[in-house]
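Spelled out from the first residue to the last, the chains are:
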Amino acid sequence: MDQYSDSDWNTKFYEELVEDIEENKNIIQCISCGKCVGDCPAAKVSEFNIRKIIQKVLRGDKSVLKDSDIWHCFLCERCVRVCPREHINIPLLIIYLRNESFKQGFGPKYNDLRKYVEMAERFLTKGVVVEEPLGNELPKERVKELNKICDFARIKYVFKASKINNKKRKNS
Amino acid sequence: MSFSNLALDINEIKERYPEEPLSFFKDKKMCLFKACLEKYFPGVRYGMLDLSNELDLNVSTCESQSCCSGTFFQRNLITRAQFAAINERNVYELNHQADIVLFSCNGCYNSLMRGRDFLRIEEVRYKTEEILNGLEDKFPTNGDKYRILENPSVRFLHDLDFIYLIRNEIIDILKYELNDLKVAVHYGCHYLNLSRDKKNVDEYVRDKSKLEDLVSLFGGTPVDYQERESCCGWGASQVLINQKEALKITYNKLKSAENVGADFLLMPCPTCLYTLSKPEYREKIQKWYGEKLDIPTIHLNELMAILLGCEQERCITLRRTTPRLQEIFESITQD
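The notes below deal with the structure included here. Predicted model, so just to flag it, every value in this text is computed and none were measured.

Rules of the game
Residues numbered from 1 in each chain as written. Chains lettered and ligands numbered in written order. Predicted model: local features only at pLDDT ≥ 70, side-chain atom pairs only at ≥ 80, totals over all residues. Core = buried A, V, L, I, M, F, W, Y, C linked by C-beta atoms within 7 Å. Buried ≥ 20, exposed ≤ 12 C-beta atoms within 10 Å, placed from the backbone. Contact = placed C-beta atoms within 7 Å. Nonpolar A, V, L, I, M, F, W, Y, C, P; charged D, E, K, R; others polar. Axes fitted to C-alpha atoms, helices over the stretch in contact; angles between N-to-C directions. Helix = DSSP H or I, 4+ residues; strand = E, 2+ residues; numbered from the N terminus. Parallel < 35°, antiparallel > 145°, perpendicular 65-115°, else oblique. Pairing = 2+ DSSP bridges. Right-handed = clockwise from strand over helix to strand, strands pointing away.

1. A few points about the nonpolar core
Considering soluble globular proteins, one finds that nonpolar side chains tend to be buried as a cluster.
Thought 1: Of all hydrophobic cores here, the largest spans 152 residues; its most connected members are A:Ile155, B:Val101 and B:Leu266.
Thought 2: Beyond its immediate stretch of four places on either side in the chain, B:Val101 contacts B:Cys31, B:Phe33, B:Leu94, B:Val154 and B:Phe156.

2. Looking at the interface of chain B and chain A
Thought 1: Each partner contributes residues to the interface: chain B has 47 residues there, and chain A has 46 residues.
Thought 2: Here the side of chain B that touches chain A is composed, by residue class, of 19 nonpolar, 17 polar and eleven charged.

3. A look at the packing of helix H8 (residues 117-126) of chain A against helix H9 (residues 140-149) of chain A
Residue and element names in this part refer to chain A.
Thought 1: Two elements in contact, H8 and H9, have axes whose closest approach is 7 Å; the angle formed by their N-to-C orientations is 125°. Judged by the inter-axis angle, H8 sits oblique to H9. Contacts between H8 and H9 involve Phe123, Leu124, Thr125 and Lys126 from the former and Val143, Leu146 and Asn147 from the latter.

4. Brief notes about the pairing of strand E2 (residues 58-61) of chain B
All names here are of chain B.
Thought 1: Examined bridge by bridge, strand E1 (residues 29-32) and E2 share four bridges and lie parallel to one another. Paired with cysteine 31 across the bridge in E2 is serine 60.
Thought 2: Taking the sense of rotation as the criterion, the β-α-β connection linking E1, helix H3 (residues 42-54) and E2 turns out right-handed.

5. Describing the pairing of strand E3 (residues 100-103) of chain B
Residues and elements named next belong to chain B.
Thought 1: Alternating residues of E3 divide into Ile100 and Leu102 and Val101 and Phe103, and every residue in both groups is buried.
Thought 2: Inspection of the sheet shows E1 paired to E3 by three bridges, in the parallel sense. By the bridge assignment, leucine 32 is partnered in E3 with leucine 102.
Thought 3: Of the strand pairs in this sheet, E3 and strand E4 (residues 155-158) are connected by four bridges, and their pairing is parallel. The residue of E4 that forms the bridge with phenylalanine 103 is histidine 158.

Everything listed here is a matter of coordinates, which is why it stays silent on function.
Now the structure itself:
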């Protein structure tokens, strides 16, 4: 926690991350009170520490993108509720950090993404994340729309993995 | 362009219809948002459907509505604009069909609000429009193309807020009561911590007690417990990815509710219900944390169905193997 001094501020990274997010314009005003950490479910069961993550971001320390910690957030928004400042939205910051992490080629562990293979397949073939929905299935032309919307998205690559898995299963 | 949230203004209804808020809904076209996880708990949808029918409300589901896609956005598998486009497609379809959409799932409710919020960012809005323009298929009913609706008339309402709003009118049609059962309540993070649907700070930060109030009204005893406000353990799919850690949160919650002698745990979200009741998770909790926890879990809509006197098969038992649920059903429905 004390690896940084007051002269280490470097907000360029922060500005890149939050330039278009009104909801996070005040991260720079974080007073490190720690309320977010105290009420955080992820902090109770992992090394996830919002205060440390914000400190890194405000120092321009991009090693945060390689940390597996950012993938442990529950996105429960509890921190938003207990934060004494307005316009600090940690879950949204985490989503942006994860996105940047993906872009820089780090991203989550392969095994983590594997859990999404089936869900991605169902979403892109049926429009739901369960095997069969309760009630009628989404009409085929509507499913096509979802596919089109998701063009070039990572979900498509995860879906591709399901096709490769199916092929392997058939061959064996 | 302004993109005000689409949450139904409950306070306005309370002011206009202080005695009979239900009358506001009588001439409205209502639609149940289909949450994916209702597949495992059909009573969540049937409960609301049966309640609405009992109240003579005009309720349907929307055939063209897709999954909210929140789970993919939370793991960065789709972009903000793609997420917003999926949402706007749903908003467009729902707006065509209904005046009010009811949500049984905190996650879906949050997603629809979140997607709409993103449109305030010019870059996201531009890309979302571009994506929607790229869809060749026409909307089947009115022949128009999908587009961002700046001021749609449709409004969103969480099932818990709806049931709470009309609670005094529901009480007359219930066949059973809770017979002093002790009930621990779980709101779920995306209900408890959500600010997107609130119009003022007070509504957001003050203690939430709607579930407790309903339990008391239905003849039960709400019990407080230490982990009342904690997460169910789902944690945006953490239970799938870092299972041992996430199930520690689930364990703490269930254990805490059992410790105060709760007969069951009541919640307004099928995703929380899935996490807190899945037999596989209960077994893993026993294996990893050394305790067999058998507290039953019930969604608010399922409870409404039980209290209305719906058939057991329809309210709770389809595909359910939750421990001791039968016991709770019997103690409520005994004559």
